[in-house]
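# Chain and residue survey
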Amino acid sequence: MAGKNIKVLLVEDNPGDVFLLQEFLKEVTTVVVDLSPVERLSEALNYLAKEPFDVILLDLSLPDSQGLETFVIAHHQAKATPIIVLTGINDETLAIRAMQEGAQDYLVKGQVTGDLLVRSMRYAIERQRADNALRQSEERFRVALKNSPIFVYNQDCELRYTWVYNPSYGLTVEEMLGKQDLDIIPVEDAQRLTTIKRGVLTTGIGTREEVSITIKDTTRYYDLTVEPLRNESQEVVGVTCASIDISERQVALRERKLAEEKIREQAALLDVTTDAICLRDLNNEIIFWNKGAETLYGWKATEARGQNASKLLYGEPSPEIEAALLQVVNKGKWQGELTKLTKTDKEILVASRWSLVCDEQGKPKSILTVDTDITEKKHLEAQLFRAQRLESIGTLASGIAHDLNNILTPILAGAQLLPLKFPHADERTRHLLEILEINARRGADLVKQVLSFARGVEGKRITLQLRHIIVELGKILKETFPKSIEISTDVPQDLWMVSGDSTQLHQVLMNLCVNARDAMPNGGSLSIYAENLLIDENYARMNLEAKEGPYTVVTVSDTGGGIPREILDRIFEPFFTTKDVGQGTGLGLSTVLGIVKSHRGFVNVYSEVGSGTSFKVYLPAVEGMETFTPEELPLQTGHGELILIVDDETAIQEITRTSLEAHNYKILVASDGIEAIALYAKNRDKISAVLMDIMLPSLDGLTAIRTLRKINPQARIIASSGLMSEKKLSSLTNIGVNTFLPKPYTVNELLLSLQKVLS
């Protein structure tokens, strides 16, 4: 089209857009565009009735027509003229519909240039011409097929046409008479026909074959019958031929082959899918069984076909299956979750979709079932629900932790002060006070442990000797467990040390011992012993959780009833318990496993029904000196320093005052932040340190601390709380708190904190 004019009818009601298009087209030098703008669809139709155009540029939003209907009307009026939709509506759905209705292109205003517009018009004109030519060709082809009679002709011994009726190949009778096939059809096709006809001339025996003739790139197929043409003396003087156009039959044959290939591809796709697909007749006998069903259920297709689906997959009938069958027959479909059996009798949970398949008359003939294995999905959902329950426990624990720590703080401090108050108490009383102090401390640590478990926070790791924990645990068990249970411990003096949290490891052993006690309601033996074990490569291969190296192993054994084999694999699942309601939460062993794994260890269990159970806890051994806790360090006393205690709990005020006065400190007490600020302002030169509770009435601890720092930027402050988030802890550092003392705290922890800030 370069160098030629393009006559364009522009249907656009926006003068600005018309001007912009004219400017765009002026920039194009390869072609001259003769643009005729009109504002209304009715004007465009009048133009089209009077003169032809090469292409139409059509806006869909006009004063007298809107949307796709604009194109439909214009296209109906000028079917032979290509139409390009040029509109400001950037709608992909509308563009697709316009192209489906016959638009040659869909352009959006603001996204076109002159070159793009000219190129689009050229393509549109060429496509329209090709479409017109194709339609004309198709029309000729349709008429030819409709009126196609038999092409009959005679040829002499030299195979020249001597008589022709209803000629084919697009030739007239005159064009064919006296000529050979080589003169009128391509050489290859002519040679093929000549070979067939000379064979008949030579043998005198007729033949029938399918042949193809290609003329002007068009190949047609013919059913050709060739018979010898004889004279009165029965001499072969030529051939007589009848040719029937069978191109339609060949096309149908090809389509059938394509359909068969498509069916094969679909069958292959059914085998590729991971879903189990089964087709069964109304008698419940399996007709089709894909590869996915083989993989999921274990039966090969040859084994499954002909089998009763219910007997194969369910074992025994159930009301649920009967209801599903009834619904699919009545309503045509059913879907739900079903428990089915594999070839190895393993139960799996599947999402099953059933559809009723009908014949051409609409009568039901079979049921198509598609099953998806959701066993693992359900397991993950269960884990999610358990995690949500754990989160709820964490929320509950966080809510009560502050008050519980406030309760435990005076108990713990009182248990430490009572031996000082009564230094001449008898041994039994001192032992009971020791148990009271130990268990108050364990209670406080347990609150921290529950919070850590709920928040996923690891405890503090120190190098410790498990022998101390086991000996202490043995004392507690002998005091608290029924006398019918004989408790024994055996720990070697050279037991290797481990790196861990003493409270968490104490909880591990206590949980195992409590379970052992519950397994022996009528009494028995509970033994705790420890040993050193060097795990080699062979052992590590047999236990995937183990790694080569030194381990400290603690074994808790009982002589109870044992654990049945069928539930042995589930005992570490959260909330799984065999105890009666109210007797256990099912968190004990899951907590044990979680703590041990966080210490890079593992747990093995050995049990036999009627012979008892042994739990072995494997913890990696470490080198180094044992780390001492604050309780094991000597007590620190003061030198008459004045300490301001700020706490709203009267019991904590009194026990903290008593504890510090007993260790040579002077005390001032405030019950809230306002009182604390007043006392500090009055005695700022005398007060050496402030012990500030964070959760206070009237004025909270954080605000009070900020105020104290303004009064005295050098103020030494110890913050204390029973519940602190990481965010609040970081904010304490930002406002100048010297150290943080979590509640409940021991006397020694309090004294060490004071020594730290005063030094």
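### Observations regarding the pattern of salt bridges
All told, the structure shown has 20 salt bridges when counted by the stated rule. In this structure, Arg 208 engages Asp 223 in a salt bridge whose closest nitrogen and oxygen atoms are separated by 2.4 Å. Here the residue Arg 208 occupies a position in strand β10 (residues 207–215), and Asp 223 occupies one in strand β11 (residues 218–230), the gap between them amounting to 15 residues. A relative accessible area of 62% places Arg 208 in the exposed class. Here the salt bridges share partners, and the residues they tie into one network are Glu 12, Asp 17, Asp 59 and Lys 109.

### Description of helix α25 (residues 747–758)
The first and last C-alpha atoms of α25 sit 16 Å apart over twelve residues, in line with the 16 Å expected at 1.5 Å per residue. For α25, every residue scored as buried is listed here: Val 747, Asn 748, Leu 750, Leu 751, Ser 753, Leu 754 and Val 757.

### Thoughts on a nonpolar patch on the surface
Among the surface-exposed residues, Leu 404, Ile 407, Ile 411 and Leu 436 lie close enough to one another that they form a single nonpolar patch of about 310 Å² accessible area. Looking at the nonpolar patch, the element that brings in the most residues is helix α14 (residues 375–421), giving three residues. Structurally, Ile 407 can be placed in helix α14.

### Some points on unusual backbone geometry
Even without being a glycine, Leu 159 presents a positive backbone phi close to 60°. Within the secondary structure layout, Leu 159 lies in the loop between β8 (151–156) and β9 (161–165). In this structure Leu 159 comes out as buried when scored by relative accessible area, which is 3%. Positive phi, close to 75°, is recorded for Asn 284, a residue that is not glycine. Judged by relative accessible area, Asn 284 falls into the buried class, the value being 10%.

### Considerations on the pairing of strand β15 (residues 333–341)
Two faces belong to every sheet, and in a regular strand the side chains alternate between them. Where β15 and strand β16 (residues 347–358) come together, nine bridges link them in antiparallel fashion. Residue Gly 336 lies in a different strand from β16, and its bridge partner there is Ser 352.

### Some details on the sheet that holds strand β25 (residues 642–646)
The strand order β26-β25-β27-β28-β29 describes an open sheet built from five strands, whose pairing is parallel. With one partner strand each, in any of the chains shown, β26 (666–670) and β29 (739–742) form the two edges of the open sheet. Across the sheet, the mean angle from the axis of one strand to that of its neighbour is 20°, orientation sign disregarded. When β25 meets strand β27 (residues 687–693), the two strands line up parallel, connected through five bridges. In the sheet register, Ile 645 faces β27, and the bridge partner there is Leu 691. Of the strands in this sheet, β25, β26 and β27 are in contact with helix α21 (residues 650–661), which crosses β26 at around 165°. Where α25 meets the sheet, it contacts β25, β27, β28 (717–721) and β29, and its direction lies at approximately 175° from that of β29.

### Quick notes on the pairing of β29
Of the two faces of β29, the one holding Thr 739 and Leu 741 is buried and the one holding Phe 740 and Pro 742 is not buried anywhere. Judged from the four bridges that link them, β28 and β29 form a sheet pairing that is parallel. What sits directly across from Ser 720, in β29, is Leu 741.

### Some points on the sheet that holds strand β7 (residues 105–108)
One open sheet holds the five strands; their spatial order is β2-β1-β3-β6-β7, and the pairing between them is parallel. Strand pairing shows two members of the sheet lacking a second neighbour, β2 (32–38) and β7, which therefore form its edges. The sheet shows a mean angle of 25° between the axes of neighbouring strands, direction not considered. Summarising the sheet, strand β1 (residues 5–11) and strand β3 (residues 55–58) pair through four bridges and their orientation is parallel. Following the sheet pairing, Leu 9 is matched in β3 by Ile 56. The sheet contacts of helix α3 (residues 68–77) involve β3 and β6 (83–87), and relative to β6 the element is tilted by about 155°. The sheet contacts of helix α4 (residues 92–101) involve β6 and β7, and relative to β7 the element is tilted by about 150°.

### Side note on the packing of α21 against α25
Running from amino to carboxyl end, α21 crosses α25 at an angle of 65°, the nearest separation of the two axes being 11 Å. Our classification of the angle between α21 and α25 gives roughly perpendicular. Pair α21 / α25 crosses with right-handed handedness. Between α21, through Thr 656, Ser 659 and Leu 660, and α25, the contact on the second element is made entirely by Val 747, Leu 750, Leu 751 and Leu 754. A class-by-class count of the residues in the contact of α21 with α25 yields five nonpolar, two polar and no charged.

### Some words on helix α23 (residues 701–711)
Residues lying three or four places apart along an α-helix face the same way, a consequence of the helix completing one turn every 3.6 residues. For α23, the set of buried residues is Gly 701, Leu 702, Ala 704, Ile 705 and Leu 708. Viewed along the axis of α23, the buried residues span an arc of 160°, placing them on a single side of the element. Measuring from the side-chain oxygen of the N-cap residue of α23 to the backbone nitrogen of Leu 702 gives 3.1 Å; that N-cap residue is Asp 700.

### A few points about the packing of aromatic side chains
Working definition: an aromatic ring pair is given by the centre-to-centre distance plus the angle between the planes. Tallied over the full model, the rule gives nine aromatic pairs. Ring centres of Tyr 47 and Phe 53 lie 6.2 Å apart, and the angle between their planes is 45°; on these two criteria the pair is classed as tilted. Centre to centre, the rings of Phe 602 and Tyr 618 are 4.4 Å apart; their planes meet at 10°, and the pair counts as stacked. One end of the pair, Phe 602, is in strand β23 (residues 602–608); the other, Tyr 618, is in strand β24 (residues 612–622), with 16 residues separating them in the sequence. Each member of the aromatic cluster is reached from another via a ring pair, and the members are Phe 151, Tyr 153, Tyr 161, Tyr 169 and Tyr 222. Over the face of the ring belonging to Trp 354 we find Arg 280, whose NZ or CZ atom lies 4.4 Å from the ring centre.

### Digging into the confidence of the model for the chain
With 86% of its residues at a pLDDT of 70 or more, the chain shows a mean pLDDT of 82. In this model residues 581–585 is a low-confidence stretch, pLDDT under 50, and it forms three contacts with partners more than four residues away in sequence or in other chains.

### Focus on the packing of α3 against α4
Interhelical geometry of α3 versus α4 gives an angle of 15° and a closest axis separation of 10 Å. One finds that α3 runs roughly parallel with respect to α4. The two elements α3 and α4 meet at a crossing, and its hand is right-handed. Contacts between α3 and α4 involve Leu 68, Phe 71, Val 72 and His 75 from the former and Leu 94, Arg 97, Ala 98 and Glu 101 from the latter. Broken down by class, the residue content of the contact of α3 with α4 amounts to five nonpolar, one polar and two charged.

About the thresholds
- Throughout this document, residue positions are counted from 1 along each chain, in the order its sequence is written.
- In keeping with the predicted nature of the model, local features appear solely for residues at pLDDT of at least 70, side-chain atom pairs appear and are counted solely at 80 or more, and the whole-chain, interface and lining totals rest on all residues.
- Only hydrogens and water are set aside when side-chain values are computed; all heavy atoms of the structure are taken into account.
- Salt bridge, as used here: a side-chain nitrogen of Lys or Arg that lies within 4 Å of a carboxyl oxygen of Asp or Glu.
- The secondary structure listing takes helices from DSSP runs of H or I that are at least 4 residues long and strands from runs of E that are at least 2 residues long, numbered from the N terminus.
- Whether a residue is buried, partly exposed or exposed follows from its accessible area with a 1.4 Å probe, protein chains only, as a fraction of its type maximum: under 20%, in between, or over 50%, in that order.
- To estimate the expected span of a helix, subtract one from its residue number and multiply by 1.5 Å.
- Residues forming no salt bridge and having over 30% relative accessible area are the ones grouped into patches, like charges within 9 Å of each other and nonpolar side chains (Val, Leu, Ile, Met, Phe, Trp, Tyr) within 5 Å.
- Note on areas: Shrake-Rupley with a 1.4 Å probe; residue coverage comes only from the protein chains shown.
- Two strands form a pair only when DSSP identifies at least two bridges running between them.
- Note on geometry: axes are C-alpha line fits, over the in-contact stretch for helices, and angles between N-to-C directions span 0 to 180 degrees.
- Throughout, a residue-residue contact means that at least one pair of heavy atoms, one from each residue, lies within 4.5 Å.
- The scheme is simple: roughly parallel for angles under 35 degrees, roughly antiparallel for over 145, roughly perpendicular for 65 to 115, oblique for anything else.
- The handedness criterion is simple: a crossing whose near helix is rotated anticlockwise from the far helix by less than a right angle is left-handed, and one whose near helix is rotated clockwise is right-handed.
- Amino acids outside the nonpolar list (Ala, Val, Leu, Ile, Met, Phe, Trp, Tyr, Cys, Pro) and the charged list (Asp, Glu, Lys, Arg) are all regarded as polar, and Gly is one of them.
- Directions are taken from the helix axis to each C-beta atom, and the arc is the one they span.
- For this analysis, a polar contact is any N or O atom pair within 3.5 Å, provided that within protein one partner can donate a hydrogen and the other can accept it, and provided that sequence-adjacent residues contribute only side-chain to side-chain pairs.
- Paired rings are identified among Phe, Tyr and Trp, the last through its six-membered ring, by centres lying within 6.5 Å, and are further divided according to the angle between planes into stacked (under 30 degrees), edge-to-face (over 60) and tilted (the rest).
- A ring is considered to have a charge above it if a Lys NZ or an Arg CZ atom is located within 6 Å of its centre and within 35 degrees of its normal.
- Each residue carries a pLDDT value, the predictor's own confidence for that position, ranging from 0 to 100.

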